[in-house]
Amino acid sequence: MKEIASLNNAVVKAVSELKQKKYRERENCFVVEGLRAAEEAVSYAKVRKIFAVADKTNARLQKLLADAEAKGIELYSVTEAVIKKMSDTEAPQGVLAVCEKPQGVSIGGGDVLVLDRVADPGNVGTLIRTAEAAGMAGVILLAGCADAYAPKTVRSTMGSLLRVPVLADVPEADFIGWAKENGYEIMVTCLDGAQDLYQTAFAPRTAIVVGSEAYGASEGLKTAAAKRVFIPMQGKAESLNAAMAGGIVMFEALRRRLATK
């Protein structure tokens with residue numbers, strides 16, 4: 001294990017730059033933080049490097065480092081100051097892993113979640129996490145969404161980003177063409193011209209579209225949709241958070257699938 005104590009170390013600077021999208025795209029990698037996230041990264045992702053503040057009393061950390069070493073992952077022992085410089089959080093957990101973005105991702109074989117210009121990284125991350133919990137076959141982020149590999153998005157997925165197929169920066173027209181070619185019925189959540197979600201039939205393959213927090217789904221997607229649905233609500237609330245609305249529709253899709261088994 002290599003040791004790094006200097007904040008000016010070239011490796012430290014390179015990892016710190018990954019907080020910015022342009023460097024993540026250039027290096028084709030992203031960062032996960034925390035012991036649990038690093039454990040899942042070693043299990044499910046291709047990890048390039050792991051940085052850890054030394055703690056020989058932490059059995060889980062020692063096992064993580066042993067598992068990583070067995071896989072040929074570069075290991076670095078660093079100071080708390082170094083971790084803080086590389087971290088995107090105010091209180092770093094002492095472990096950080098640099099992972100490669102997955103290549104050749106394909107989606108198919110079940111319902112999928114589609115995000116249209118969802119701008120908040122927390123919402124994008126929560127929706128990816130919920131998609132895994134609801135058994136979605138994958139998540140498609142159309143152009144204009146928050147970056148799936150931004151630090152806040154990664155944290156919000158709670159590890160799901162490492163396990164769920166995610167396609168990012170997909171042009172709207174490409175998605176619509178893909179849906180038609182692969183037998184997906186597009187279902188858009190909106191209010192205009194929409195049916196009650198609970199009175200609407202789900203196709204064998206459904207692409208559930210959740211639109212922008214500010215503007216909803218695009219006119220192009222609403223035109224292409226076979227179905228538009230709204231979530232009936234009680235009380236005086238005018239709308240739901242995008243992540244909440246997406247979760248309700250995904251779990252309704254799950255409930256329908258389970259009911260037919």
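Relevant structure appears above.
This text gives an overview of the structure that appears in the document.

Reading the values: rules and limits
- Residues numbered from 1 in each chain as written.
- Predicted model: local features only at pLDDT ≥ 70, side-chain atom pairs only at ≥ 80, totals over all residues.
- Heavy atoms only, no water.
- Buried < 20%, exposed > 50% of the residue type's maximum accessible area, 1.4 Å probe, protein only.
- Helix = DSSP H or I, 4+ residues; strand = E, 2+ residues; numbered from the N terminus.
- Pairing = 2+ DSSP bridges.
- Contact = heavy atoms within 4.5 Å.
- Salt bridge = Lys/Arg side-chain N within 4 Å of Asp/Glu carboxyl O.

Okay, the pairing of strand 11 (residues 206-210) next. Counting buried residues in strand 11 gives five out of five residues, a clear majority hidden from the surface. Across the two faces of strand 11 the burial is the same, with Thr 206, Ile 208 and Val 210 and Ala 207 and Val 209 all buried. Relative to strand 11, strand 6 (residues 112-115) runs parallel, the two being bridged by four bridges. Its bridge partner being in strand 11, Val 114 is matched across the sheet by Val 209.

Once that is clear, we can look at helix 3 (residues 35-44). Looking at helix 3, one finds that the buried residues are Leu 35, Ala 38, Glu 40, Ala 41 and Val 42. As for helix 3, its buried residues are in contact with strand 2 (29-33), strand 3 (47-53), helix 4 (59-70) and strand 5 (95-100).

Our focus in this paragraph is the pattern of salt bridges. Here the structure, examined in full by the defined rule, presents 20 salt bridges. Residue Arg 155 is joined to Asp 88 by a salt bridge in which the shortest nitrogen-to-oxygen separation is 3.2 Å. You can see Arg 155 sitting in helix 7 (residues 151-157) and its partner Asp 88 sitting in the loop between helix 5 (80-86) and strand 5, a full 67 residues away along the chain. Taking relative accessible area as the criterion, Arg 155 reaches 33% and is therefore assigned partly exposed. Among the salt bridges present, the one from Glu 132 reaches Arg 163, with a minimum N-O distance of 2.7 Å. Residue Glu 132 is found in helix 6 (residues 121-133), and its partner Arg 163 is found in the loop between helix 7 and strand 8 (166-170); the two are separated by 31 residues along the sequence. The class for Arg 163 is partly exposed, based on a relative accessible area of 29%. In the salt-bridge network here, residues are joined through shared partners; they are Arg 36, Glu 40, Glu 132 and Arg 163.

Remember that the coordinates give geometry; whether it matters functionally is a separate question.
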